[in-house]
Amino acid sequence: MELDDLRRQWQQPEPAAPPMNQAALSRLLAQRSDGLVEKMRRNARLETAFVALTAIAMPLIIGFADNFLERAQVVSLFLLALVLLGYYYRKLKMLRRMTRPDAHVLGNLRRLCAGLRSMLRFNYRLTLAMVPASLLLMYEYMVGKELARPGGVHTAMLLGLGAAFFVTGLLLQWAVVKATRWYLQRLYGQHLDRLEASLRELAESEPPTAY
């Protein structure tokens, strides 16, 4: 009899695990997200420190500029550093909010992830814009010097120089696209991908809301 009872108990299916409630989902998500968000915060802090040092150094370097082009480049880098400091301040603020999710944890983190994606796209586009902007500034300076030179303008030389700048810009832009995509994916994209995958996984396992 005892053997039959044991066989019946063995053949019975195990009881299904109870569905996870919102608190359990929040705890699980916090465990998964804390490490990923902290890695992104660490990378953002390092970038902020580098940009801050650049902003401090630019006013000191401008005294060593010998001509208008060099001074314009230094001023441009200084202004860019100020813009990036504001950008990284917002990024760090958003990452800090990710570590303190509100009661609607899944929806809140989805919005924050979308906001961080938008900021990364801004960073990507700004970086790509720097190549043509820098080359255009250099070309305008060359044209200005040629126009100011006594003896007439060498149109053929300016056209050849423009073609050389154009080809150089295409090659540099291709390299910058590759490098920027790798850089952003390495510092932020891979961690954000994993966090969003966890959000989708937890959303699928979240119990339905009772109405």
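Preceding this section is the structure that the text describes.
Everything in this summary refers to the structure shown in the same document.

Empty space within the largest pocket amounts to approximately 560 Å³. What lines the largest pocket is a set of 20 residues, and nearest its centre among them are F50, L80, L84, T127 and M130. Of all the secondary-structure elements, those providing two or more residues to the lining of the largest pocket are α2 (22-61), α3 (68-98), α4 (105-148) and α5 (155-205). Sorting elements by how many residues they give to the lining of the largest pocket places α4 first, with six residues.

A grouping of L53, I56, L60 and I61 is seen on the molecular surface, where their side chains present a nonpolar patch of about 420 Å² in accessible area. With respect to the helices, strands and loops of the structure, I61 is situated in helix α2.

Evaluation of the coordinates by the stated rule reveals three aromatic pairs. Judged by centre distance (5.0 Å) and plane angle (70°), the rings of Y87 and Y88 are edge-to-face. No difference in accessibility class separates Y87 from Y88, as the two residues are buried. Ring geometry for Y87 versus F122: centroids 5.7 Å apart, planes at 40°, classification tilted. Residue Y87 is located in helix α3, and its partner F122 is located in helix α4; the two are separated by 35 residues in the primary sequence.

So, about the environment of M138. With respect to the element layout, M138 can be found in helix α4. When neighbours within four sequence positions are excluded, M138 is seen to be in contact with L69, Q73 and F165.

Looking now at the environment of A65. When you line up the elements, A65 lands in the loop between α2 and α3. A65 sits in the buried class, given a relative accessible area of 15%. If we skip the residues at most four places from it in the chain, A65 touches E70 and R71.

For the structure shown, the criterion picks out four salt bridges. With a closest N to O distance of 3.8 Å, R41 and E38 form a salt bridge. A residue pair is termed a helical-turn pair when its members lie 3 or 4 positions apart in one helix, as R41 and E38 do in helix α2 at three residues. On the basis of relative accessible area, R41 is assigned to the buried category, the value being 16%. Residue class for E38 comes out partly exposed when judged on its relative accessible area of 37%.

Each value, and the rule that gives it
Residues numbered from 1 in each chain as written. Predicted model: local features only at pLDDT ≥ 70, side-chain atom pairs only at ≥ 80, totals over all residues. Heavy atoms only, no water. 1 Å grid on protein atoms, 1.4 Å probe; cavity = no way out; pocket = protein on both sides within 12 Å on 5 of 7 lines; lining within 4 Å. Points joined across faces, edges and corners; volume = space filled by probe spheres on them. Helix = DSSP H or I, 4+ residues; strand = E, 2+ residues; numbered from the N terminus. Patch = residues over 30% accessible without salt bridge, like charges linked within 9 Å, V, L, I, M, F, W, Y side chains within 5 Å. Areas by Shrake-Rupley, 256 points an atom, 1.4 Å probe, with all protein chains shown as cover. Salt bridge = Lys/Arg side-chain N within 4 Å of Asp/Glu carboxyl O. Phe/Tyr/Trp six-rings, centres within 6.5 Å; stacked < 30°, edge-to-face > 60°. Buried < 20%, exposed > 50% of the residue type's maximum accessible area, 1.4 Å probe, protein only. Contact = heavy atoms within 4.5 Å.

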